[in-house]
Each structure stands twice: as C-alpha cells, then as structure tokens.
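In case you want the letters, here they are:
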Amino acid sequence: MRAALEDWADSGKVGRLWARDPTLWTGRDEARWLGWLGIVDQQLGRLDEFRRAAEDVRQAGLSHVLLLGMGGSSLCPEVLKMTFGRIAGRPELHVLDSTDPAQVRTLETTVDLLRTLFIVASKSGTTLEPNIFKQHFFERAKAAVGAAEVGRRFVAITDPGSQMQRVAEADGFRRVFFGLPSIGGRYSALSDFGMVPAAMMGLDVARLLGRAAEMARACAASVPVEENPGAVLGIVMGVLAKNGRDKATLVASPAIHALGAWLEQLLAESTGKEGQGLIPVDREPLGAPEVYGVDRFFVYLRLTSAPDAEQDLRVEALERAGQPLVRITVDDPYDLGAEFFRWEFATAVAGAILHIHPFDQPDVEASKLATRRLTDEYEKVGALPSQAAVRADDTHLHAALRNHLGRLGAGDYAALLAYVEMNAAHERELQAIRGAIRDRYRVATCLGFGPRFLHSTGQAYKGGPNSGVFLQITCDDAVDVPVPGQKYTFGVVKAAQAQGDFQVLVERGRRALRIHLGKDVKGGLATLRSAVSQATA
C-alpha cells in the first residue's frame, strides 16, 4: 500500500487524473468521460433553476413524482428517496426500475395518476426499459387527465439530441433537462439525473452540492496524496483487489443503507471487466469473523448522527480478526453529496491501478443485445424460446442445489439473481438463502433483483473474475401488463431479459443454474429456502 501511495505522489497521478490524461488508464477514450470532475461547480451555478423547477411542481399541486429509469438514471434518486423519505409539503418521490409486472402494478396503484409528475430518465433515449415505462404510463396518465394535459405531466432527463429529447418534444413534455454527454450514467449522481429529482422531492440541493464541493476540493491535485480522501480510498481498493481481496463488502448505518445499491453499480460496472475487478457485496448481514475468507475487505460508512451499536460491535470484531477495514464517517445524510464525489473519484483511481477502462461497460451491452434479439423474435412469432430450468416443485431440487453450490471454492462468491418483484417479503427469503450459503461455504454472497442488476452488478458478473456461482431465479407472472403498441408485455420483456442474461453468463463460461418458481412466488421462495437449507446441511 505504501509503495502505491508513493508512486501516485511521485508520478503526479492525481494531477494527471484532473488533467484528464487517458494514459492513466488504457489510453483509449477515457478523457471523453470525465465531465463529472467539474459538474459540482456547474450545478452550483444553476441553483435558481433547480428552485424554480421544484416550485413549479409544488404550485401545480402534484402529490407524487414517479421516476422511470434504470441503473445510473435511477439509483441516485432511489438512494435519496430511501434516505430522506417524504419532505413535508413536497411531492413524494417514487422510482420504477423493474419490468416485473407486479412491480409495475404496485407503483401504479401507489401513486395518484391525477396528481403525479413522471420523470423519464434516460441518457440515450434508446434504453428499452425507460421507453416502455414511458409508453405505459403515458397511456395511463392520458386516460386519467386527458390528451390535452398528459404531456404536461411528464418531464425528461436525457442527453442533448437524444431520441428521448425528440419524443419529449413531440409529446409536449413539461420540460426537458439535459445531462452531459461526457458523464456516464453511473457517474451522473451530481448531474441533473440526481439533482432534478432531489429538487422536486424538496431536498436542499445547495446543501447537498455544497458537501460535494467540499469533497471535490479535498480531492484536488494540490492536496498531498496521503491526505486526499478519494485517492486514498481508490488506492486501497485497487491494491487490495490486485492482491486477491476483491470482495468489497459494504457496511452502512441503517439510515443510509440505501447508498450501497448505488455503490454496487459504480464499483461493479467500472472495474468488473477483462477478467478482474471488484465484486461489491451489499446488505449481506454481518456474521461472526470465522465466516469470512481472505478475499474480503470491508468499508464501514458510519452515520455519526444515528449509529447502530450492534453494528459497531460486529465491525470491531472483524477488525480484531484481521480483516482489512476502511472507516468512513458520515456526519449527516446531506454528506451523501460528498460521498457521491468521493466514491466516483476513488473508483477512477482504482481503475487506474487495475489498468482498465473504468467508464465503459461492454458486457452490459452484451445482455442488452441478447434481450433485444429475443424481444424482436417475440414480435415476429409471438413466443420466446424455451429454456431449461429446475422447477421449485421438483423433488430433486435440493440435490441439484447441492451439486451446484458444491462448485463454490475459496475465493469464489455466490450470487442470487432474482427475477421477481422487489419487496420486503421476497427480500427476507432471499437474504435467508444467501446467509445459509455464506455460513456453509464461507464465501461472499450477492443478491440482485432482475432486471435492475443487469444495469449494475451484471457487468462484473459477466466481465469480471470468473469466481461467481450464480443462481438465477425466475417465475411465471400471476398478472401481466401490456406494453402499448407492442405484442410483447412487461412479463415477456422480463423473461427475455432473464434468458438473455443466462445466455451471456453461459457464453462467458460462468457457473449458473436456473430455478423456476412458477406463479406462486411467495411459496416458491419458501420452498427454495428449505431446499437450500437441506443442500447446505
């Protein structure tokens, strides 16, 4: 670690990062993707614009804001919504980032269509999910408020000249906010993709950006490397990953736990490629020191205004046991602005140490292409290809699981890829399953709800180290939701995404097994949990 710190200091690498020198990474097009370095000052100059946008929504008497997006376009708003909740006198923010029909239905019944503003967030305007979200809710809102008013209930956040800008203008959207083409989705938290929803839900955007500005100054090239919080974190992560500790285990105080989902995407999509990278482990319940291997390191984001005493004790036990631990103090939730910048900077630094391009995502594109081929085929023939799976009601389920999980070895990780509605009941069952696997095999475990993880950890699962053992979990949808203007439905899109995901995992030589639950998701998960208990006994 000391050698890496000295190298960064002696070689002026922080200065090269700020100068946007692509040779710090691979020498390809990295310089095109560093707009996030200067975004904070730009946004501070637009505070009046954010205030006017928030006031416009408030004066319109709207009670809900529903953001429709995926990955980098939705994860920061979700973090803010889950951390700050509803602000008195302001509309409540909700986020839809799943094609699961049950989840679409749940969000539709949660909001009041007569009093909802819809934000369609898509950099390119060509991403499948935001486009079909828009198609669905535009028709639903039109039925509620009428054709003359419906356009005024939508805003877009997109890059200039995108397909989404053209759609927004054609449909008479209330407003179009622009992202910067030089900022990729996962680095866009402090751009309009994060700050417009923040303003509309009633957050103090000036305060959030002020904290980010303080962190940006602390990461400046003039600051000694050993005192630079972003550089030090990135060097630690990069060096540990190169030395076999590539499971970045995130621990956050309960009140800011939602930050982990944003960090997962940032770390996995940025570094998980070319057979290497960080595997982020988020929301894995803390266990006794003996269940952790030598492939881990821990980052503890501790909220000093609302710490968790039990969490403190468990983290201290891990540190005493010799696990590498990075402690980050978060004074209050508005420090999330600082953390967004710190982690973006640190991830870019880690990417330089790993000698990879931290701003592309080649294997995410592979899954998108596989899904597109399947949905195009469905439009032609009205059916998806059949796919082999072990059914949850199969009497040999536990044996299949024992054989599959038995492939786990030292340094591996297990990942549950669940294409079911993301809700508390389902998460409880899946968390119990991952806990049983971790405790039995002493490996890191990950949990992703599909299809949202495809735009997040999916990159590392397919392009990172071949150390994952994957359990894909699918279901039949009890009730489906049509997509206006298409033969395929939301359920068909989700099924195509699962098939495309599995296909690419297999093509990449990953160890994967598909379990199909049928229509009774609750019962199927309970059966799966019992079978995993038998398989790990």
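Right, let's walk through the structure included here. (Residues numbered from 1 in each chain as written. Predicted model: local features only at pLDDT ≥ 70, side-chain atom pairs only at ≥ 80, totals over all residues. Heavy atoms only, no water.)

A look at the overall build of the chain
Right, on to step 1. Within the chain one finds 21 helices and 14 strands.
Right, on to step 2. For the chain, whose C-alpha radius of gyration is 22 Å, the value lies close to the compact-globule estimate of 24 Å for 537 residues.
Right, on to step 3. Seen through its C-alpha atoms, the chain measures out along the principal axes to roughly 65 × 65 × 45 Å.
Right, on to step 4. Residue burial in the chain is summarised as follows: out of 537 residues, 60% are buried.
Right, on to step 5. Intrachain contacts of the chain at a sequence separation of at least 6 include 80% that bridge at least 24 residues.
Right, on to step 6. If you sum the accessible surface of the chain, you get close to 19200 Å²; carbon and sulfur atoms cover 50% of it.
Right, on to step 7. Once the 62 positive and 65 negative side-chain charges of the chain are each reduced to a mean point, those two points are 2 Å apart. (Helix = DSSP H or I, 4+ residues; strand = E, 2+ residues; numbered from the N terminus. Rg over C-alpha atoms; globule rule 2.2 N^0.38 Å. Buried < 20%, exposed > 50% of the residue type's maximum accessible area, 1.4 Å probe, protein only. Contact = heavy atoms within 4.5 Å. Areas by Shrake-Rupley, 256 points an atom, 1.4 Å probe, with all protein chains shown as cover. Lys, Arg positive; Asp, Glu negative; His and termini not counted. Charge placed at Lys NZ, Arg CZ, Asp CG, Glu CD.)

With respect to the packing of helix H12 (residues 229–242) against helix H15 (residues 336–354)
Right, on to step 1. At a minimum axis separation of 7 Å, H12 and H15 run at an interaxial angle of 40 degrees. Classified by the interaxial angle, the pair formed by H12 and H15 is oblique. Both H12 and H15 take part in a crossing whose hand is right-handed. Here H12 contributes Pro229, Gly230, Ala231, Leu233, Gly234, Ile235, Met237, Gly238, Val239, Ala241 and Lys242 to the contact with H15, which in turn contributes Arg342, Trp343, Phe345, Ala346, Thr347, Val349, Ala350, Ile353 and Leu354.
Right, on to step 2. Tallied by class, residues from the contact of H12 with H15 come to 14 nonpolar, four polar and two charged. (Axes fitted to C-alpha atoms, helices over the stretch in contact; angles between N-to-C directions. Parallel < 35°, antiparallel > 145°, perpendicular 65-115°, else oblique. Left-handed = near helix turned anticlockwise from the far one by under 90°. Nonpolar A, V, L, I, M, F, W, Y, C, P; charged D, E, K, R; others polar.)

Observations regarding the sheet that holds strand E5 (residues 175–178)
Right, on to step 1. As summarised here, the arrangement of the five strands in space is E2-E1-E3-E4-E5, forming an open sheet in which the pairing is parallel. Since the sheet does not close on itself, it has two edges, and those belong to strand E2 (92–96) and E5, each with one partner. Pairwise comparison of adjacent strand axes, ignoring direction, gives a mean angle of 20 degrees for this sheet.
Right, on to step 2. Bridge analysis of strand E3 (residues 116–121) against strand E4 (residues 154–158) gives four bridges, and the strand direction is parallel. Each residue of the ladder has a partner; that of Ile119, found in E4, is Val155.
Right, on to step 3. Contacts from helix H9 (residues 163–170) reach E3, E4 and E5, with the element oriented near 160 degrees to E4. (Pairing = 2+ DSSP bridges.)

Re helix H13 (residues 259–271)
Right, on to step 1. Its 13 residues give H13 an end-to-end C-alpha distance of 18 Å, which sits within 8% of 18 Å, the value for a rise of 1.5 Å per residue.
Right, on to step 2. Across the 13 residues that make up H13, a large majority, 13, are buried. (Expected span 1.5 Å × (residues − 1).)

Comments concerning the nonpolar core
Right, on to step 1. With 97 residues, the main nonpolar core has Trp262 and Trp343 as its most contacted residues.
Right, on to step 2. When residues of this core are assigned to their parent elements, the largest contribution, 13 residues, is made by H15.
Right, on to step 3. In contact with Trp262, other than residues within four places in its own chain, are Leu75, Cys76, Val79, Arg186, Ala189, Glu339, Phe340, Trp343 and Glu344. (Core = buried A, V, L, I, M, F, W, Y, C linked by side-chain atoms within 4.5 Å.)

Notes on the sheet that holds strand E9 (residues 325–330)
Right, on to step 1. Strand order across the open sheet formed by four strands is E7-E6-E8-E9, with parallel pairing between neighbours. Every interior strand has two partners, whereas the edge strands, strand E7 (279–282) and E9, have only one. On average, each strand axis in the sheet is tilted by 20 degrees relative to the strand beside it, whichever way the strands run.
Right, on to step 2. Pairing analysis gives four bridges linking strand E6 (residues 247–252) to E7, with the strands arranged parallel. In the sheet register, Ala248 faces E7, and the bridge partner there is Pro280.
Right, on to step 3. Here H15 sits on the sheet and contacts E6, strand E8 (296–303) and E9; the angle it forms with E9, its principal contact strand, is near 150 degrees.

Structural notes on the environment of Gln431
Right, on to step 1. Its place among the elements puts Gln431 in helix H18 (residues 424–441).
Right, on to step 2. We classify Gln431 as buried; its relative accessible area is 14%.
Right, on to step 3. For the pair Gln431 and Val167, spaced 264 residues apart in sequence, the C-alpha separation works out to 40 Å.
Right, on to step 4. Not counting the four nearest positions on each side in its chain, Gln431 is found in contact with Arg283, Pro285 and Leu447.

Focus on the packing of H18 against helix H21 (residues 521–535)
Right, on to step 1. Taken N-terminus to C-terminus, the directions of H18 and H21 make an angle of 10 degrees; their axes are 10 Å apart at the nearest point. With respect to H21, the axis of H18 lies roughly parallel. For the pair formed by H18 and H21, the contact residues are His426, Glu429, Leu430, Ala432, Ile433, Ala436, Ile437 and Tyr441 on the first element and Val521, Lys522, Leu525, Ala526, Leu528, Arg529, Val532 and Ala535 on the second.

Quick notes on the pairing of E3
Right, on to step 1. For E3, the tally of buried residues reaches six of six residues, placing the bulk of the element in the interior.
Right, on to step 2. With burial as the criterion, each face of E3 is covered, one bearing Thr116, Phe118 and Val120 and the other bearing Leu117, Ile119 and Ala121.
Right, on to step 3. Sheet analysis places strand E1 (residues 64–68) next to E3, joined by five bridges and oriented parallel. Counted as the bridge partner of Leu68 is Val120 from E3.

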